[in-house]
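Summary of structural features
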Amino acid sequence: MTPHPHTPGGAAATHISTDLPEPAVRANAWASAARDDAAPLRWLLAAGLLSLLLRLWIGITFPITGDEAFFYWWGVYPDWGYSDHPPMVGWLIALMRAVLGDSLWAIRLPVMLLPLGLGAALWWGLRAIDPKRAAWAVLFFWLAPINWLNVLITTDTPLIFWSVMSVAALLRAEGRQRLDGKTYGWYALSGVFLGCAFLSKYFSVVMGFAYLVYFVAYRRDRLAGLGLLVVCALPGPAINIAYNMSHGWSNIMFNLYNRNEAEVFEWRKPMLYIAMMAYLITPAALWLAIRYRRALAAFAKVSPSHRLLACLVVVPLVFFALLSVKKVIGLHWVLSFYPFGFVLLAFALPAEKLKACARGLAVFAGLHVLIVAGLYMTSLDTWRSTKLYPQIIRSYKAAEILQQASSPGIVLMAEAYTAASLYGFERRAYMPVFGVGRFHARQDDMLVDFSVYQGRAIRILTSGKPRLDEFQPYFKSVRQLEFVQNGVTFHAVEGVDFNYAAYREGVLGTIYRRFYNIPKALPMTGCPFCERYCGQVRCN
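Conventions adopted
- Residues numbered from 1 in each chain as written.
- Predicted model: local features only at pLDDT ≥ 70, side-chain atom pairs only at ≥ 80, totals over all residues.
- Heavy atoms only, no water.
- Helix = DSSP H or I, 4+ residues; strand = E, 2+ residues; numbered from the N terminus.
- Buried < 20%, exposed > 50% of the residue type's maximum accessible area, 1.4 Å probe, protein only.
- Contact = heavy atoms within 4.5 Å.
- Areas by Shrake-Rupley, 256 points an atom, 1.4 Å probe, with all protein chains shown as cover.
- Lys, Arg positive; Asp, Glu negative; His and termini not counted.
- Charge placed at Lys NZ, Arg CZ, Asp CG, Glu CD.
- Phe/Tyr/Trp six-rings, centres within 6.5 Å; stacked < 30°, edge-to-face > 60°.
- Lys NZ or Arg CZ within 6 Å of the ring centre and 35° of its normal.
- 1 Å grid on protein atoms, 1.4 Å probe; cavity = no way out; pocket = protein on both sides within 12 Å on 5 of 7 lines; lining within 4 Å.
- Points joined across faces, edges and corners; volume = space filled by probe spheres on them.
- Nonpolar A, V, L, I, M, F, W, Y, C, P; charged D, E, K, R; others polar.
- Disulfide = S-S within 2.5 Å.
- pLDDT = per-residue confidence, 0-100.
- Pairing = 2+ DSSP bridges.
- Axes fitted to C-alpha atoms, helices over the stretch in contact; angles between N-to-C directions.
- Salt bridge = Lys/Arg side-chain N within 4 Å of Asp/Glu carboxyl O.
- Parallel < 35°, antiparallel > 145°, perpendicular 65-115°, else oblique.
- Left-handed = near helix turned anticlockwise from the far one by under 90°.

Describing the overall build of the protein
Looking only at helices and strands, the protein has 25 helices and 4 strands in total. Expressed as lengths along the three principal axes of its C-alpha atoms, the size of the protein is roughly 100 × 55 × 50 Å. A total of 540 residues make up the protein; the buried ones form 51% of that total. Of the contacts made within the protein by residues no fewer than 6 positions apart, 73% connect residues no fewer than 24 positions apart. Carbon and sulfur atoms form 64% of the exposed surface of the protein, whose accessible area is close to 25,100 Å². Positive and negative side-chain charges of the protein, numbering 50 and 32 respectively, have mean locations separated by a distance of 6 Å.

Describing the packing of aromatic side chains
Describing an aromatic ring pair means giving the distance of the ring centres and the angle of the ring planes. Under the definition given, this model contains 42 aromatic pairs. Plain terms: the ring middles of F529 and Y533 are 5.8 Å apart, the flat faces sit at 10° to each other, and that makes the pair stacked. Taken as a pair, F529 and Y533 lie in helix α25 (residues 528-534) at a separation of 4 residues, close to a single helical turn. Its relative accessible area of 15% is what places Y533 among the buried residues. Here the aromatic cluster, defined as three or more aromatic residues joined through ring pairs, consists of F434, F450, Y453, F471, Y474, F475, F498 and Y503. Over the ring of F425 we find R428; its NZ or CZ atom is 3.9 Å from the centre of that ring.

What about the layout of surface pockets?
In this model, the second largest pocket occupies a volume close to 560 Å³. As for the second largest pocket, its lining consists of 26 residues, and the residues nearest its centre are I281, V313, L317, G341 and L344. With 7 residues, the top contributor of residues to the lining of the second largest pocket is helix α17 (residues 304-323). In terms of residue class, the lining of the second largest pocket is made up of 24 nonpolar, 1 polar and 1 charged.

Structural notes on the state of the cysteines
Here, the word disulfide means a covalent bond between the sulfur atoms of two cysteines. Tallied over the full model, the rule gives 1 disulfide. Between the sulfur atoms of C534 and its disulfide mate C539 the distance is 2.0 Å. Given an S-S torsion of about -95°, the disulfide between C534 and C539 has left-handed geometry. Taking the relative accessible area as the measure of exposure, C539 reaches 8% and is therefore buried.

Quick notes on unusual backbone geometry
Notably, T282 is not glycine yet its phi reads approximately 80°, a positive angle. Tracing the backbone shows T282 in the loop between α14 (268-281) and α15 (283-291). With a phi angle near 65°, D497 is a residue other than glycine that sits in the positive phi range. For D497, the position within the fold is in strand β4 (residues 488-498). Judged by its relative accessible area of 33%, D497 is partly exposed.

Focus: the confidence of the model for the protein
Confidence along the protein averages 88 in pLDDT terms, with 90% of residues attaining 70 or more. For residues 1-21, every residue scores under 50 in pLDDT, and the model assigns this stretch 13 contacts once sequence neighbours within four places are set aside. Predicted confidence for residues 23-35 stays below pLDDT 50, and this span has 7 contacts to residues more than four positions away or in other chains.

Some remarks on the environment of L522
Mapped onto the secondary structure, L522 falls in the loop between α24 (500-515) and α25. A C-alpha to C-alpha distance of 7.9 Å links L522 and W249, two positions 273 residues apart in sequence. Excluding anything up to four places from it in sequence, L522 contacts W249 and R538.

Observations regarding the sheet that holds β4
The 4 strands lie next to each other as β1-β2-β4-β3, forming an open sheet whose pairing is mixed. Each of the sheet's edge strands pairs with one partner strand only, and the pair in question is β1 (410-414) and β3 (475-485). Taken over all neighbouring pairs, the strand axes of this sheet differ in orientation by 25° on average, direction set aside. As judged from the 10 bridges shared by β3 and β4, these two strands associate in the antiparallel manner. When the bridges of β4 are listed, L481 appears paired with A492.

A closer look at the pattern of salt bridges
A pair can form between side chains of opposite charge whenever their charged atoms are brought close. On inspection of all chains with the given rule, the structure shows 14 salt bridges. Notably, a salt bridge pairs E174 with R219, separated by 2.7 Å at the nearest N-O pair. Here E174 is found in helix α8 (residues 156-174), whereas its partner R219 is found in the loop between α10 (204-218) and α11 (223-233), with 45 residues between them in sequence. Both residues of the pair, E174 and R219, count as buried. Each of R97, D102 and R428 takes part in one network of salt bridges that share partners.

Details of the packing of α8 against α10
Running from N to C, α8 and α10 point in directions that differ by 15°, and their axes come no closer than 11 Å. By the angle between their axes, α8 is roughly parallel relative to α10. In this structure, the crossing between α8 and α10 has a hand that is right-handed. Residue-level contacts link L159, S163, S166, V167, L170 and E174 of α8 to S204, M207, Y211, Y214 and F215 of α10. Considering only residue class, the contact of α8 with α10 consists of 7 nonpolar, 3 polar and 1 charged.

Comments concerning the packing of helix α5 (residues 104-126) against helix α6 (residues 131-143)
Direction vectors running N to C along α5 and α6 enclose 160°, while the axes themselves pass 9 Å from each other. Of the possible angle classes, the one that applies to α5 and α6 is roughly antiparallel. Crossing of α5 against α6: the hand is right-handed. Contacts between α5 and α6 involve P115, L116, L118, G119, L122, W123 and L126 from the first element and P131, A134, A135, A137, V138, F141 and W142 from the second. Along the lines of polarity and charge, the residues of the contact of α5 with α6 split into 13 nonpolar, 1 polar and no charged.

Some words on empty space enclosed by the protein
Sizing a probe to match a water molecule and rolling it over the atoms shows the empty space that remains. On inspection of all chains with the given rule, the structure shows 3 cavities of 30 Å³ or more. Estimates place the volume of the largest cavity at around 110 Å³. Considering each element in turn, the lining of the largest cavity owes the most residues, 4 residues, to α5. Here the residues of the lining of the largest cavity are counted per class, giving 9 nonpolar, 2 polar and no charged.

In structure tokens:
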């Protein structure tokens, strides 16, 4: 019996000889279906292995960045929180240092393995809905260029992991028909993971808001599950609040006040957000999403799990779109929601378009791999005429620069946290930041007591040619120094006989007024900077 070419599957079936008996036709059809089912598996193995090898290569050979070096010190000094963010990445780096040693590849290993862990979590949460579509979802996500190139350990690394784990557990709960003990257990586990995400970064609040929209709009019959989820997530915020109360509300001051004071509306900000999202979605996926927008719109009508996935895509997109009116939305801001866009696409696209989407994603990822290969074929001299050349030399030649800058009896500092973190990582000795600095990276305020440098000679590495009059008030005498490395001139100021009293008045006083104007409504049990500056929890 031969299928009619106009029936579903008929076009493919016309290749089967009509002379074969019916069992042979059926066997050939089954073999063809098996090959189709195996396609995602072959692609998954190739994408997973090749992307892992590339990440390992980049992670081992690419020098540490300023942000990574800054977070490295969170792992050296583990705490319940830090100046800018909650503590999870510091805990992660501390764990890697303790288990694998104090090396760059060791602290980067979690992010190099992260896509594999996220793929496993997505499969765990989605397989009960449709295992074949779940495999395509993991494949789409693994083919995204960022999962081939990202090797930087940041606060986003644990945030993405715990966020996806929370969603996976919630999908397991929503896939169960009855509200029994096992279902409530999945809700509780989702809440625990969400609390861990909160201890990674505050963007987890957006995920919690997406959960709220989902339950209120579609699952009011399961608000008890949401309540249990929230209760199990609360230890995360509780730890963070306790830390902030005892540390001058440093997280809150940074994220809600200091970093937002100068933000105003500019048209370029929402335009940059749109362009960034188009890039992250990738051209092939974006084209298919537009072409099959009706299928995507109908996706949420299928089941509660589908509605949840739709909320996890739409709610963050709208939230960040509104925020982009005044803020430049960084690429890393959306990464904890990024995987679910590919899940939505894998589950909503027509089956015959899945391979086309995968091919388009693979081509786009391949272009990025070729670019990276081209970059690795260059030398330092290739970049000599670019604006990035000084920063490149600072990263690749930090040891040589420090060798020139160091001198017996001299205390080394830098005037910016990026340079201080990079040089400190190279020396494996914390390097203080001299001066007021910016609202970013106020960890110095927690760690450094400048009074111990009274009377010492200090050499301050600067980002450009320094103005000596800015340093003169804090020393008996100052002089300018220059070091040449690979054709780049690096500058420093050497000050003799450091005057802490003058520094306290001129620099620490400015820091206090600018960054520690803590609202009186916020209760405080401690503030390391204030206690060192004026001897009280809250200075007058």
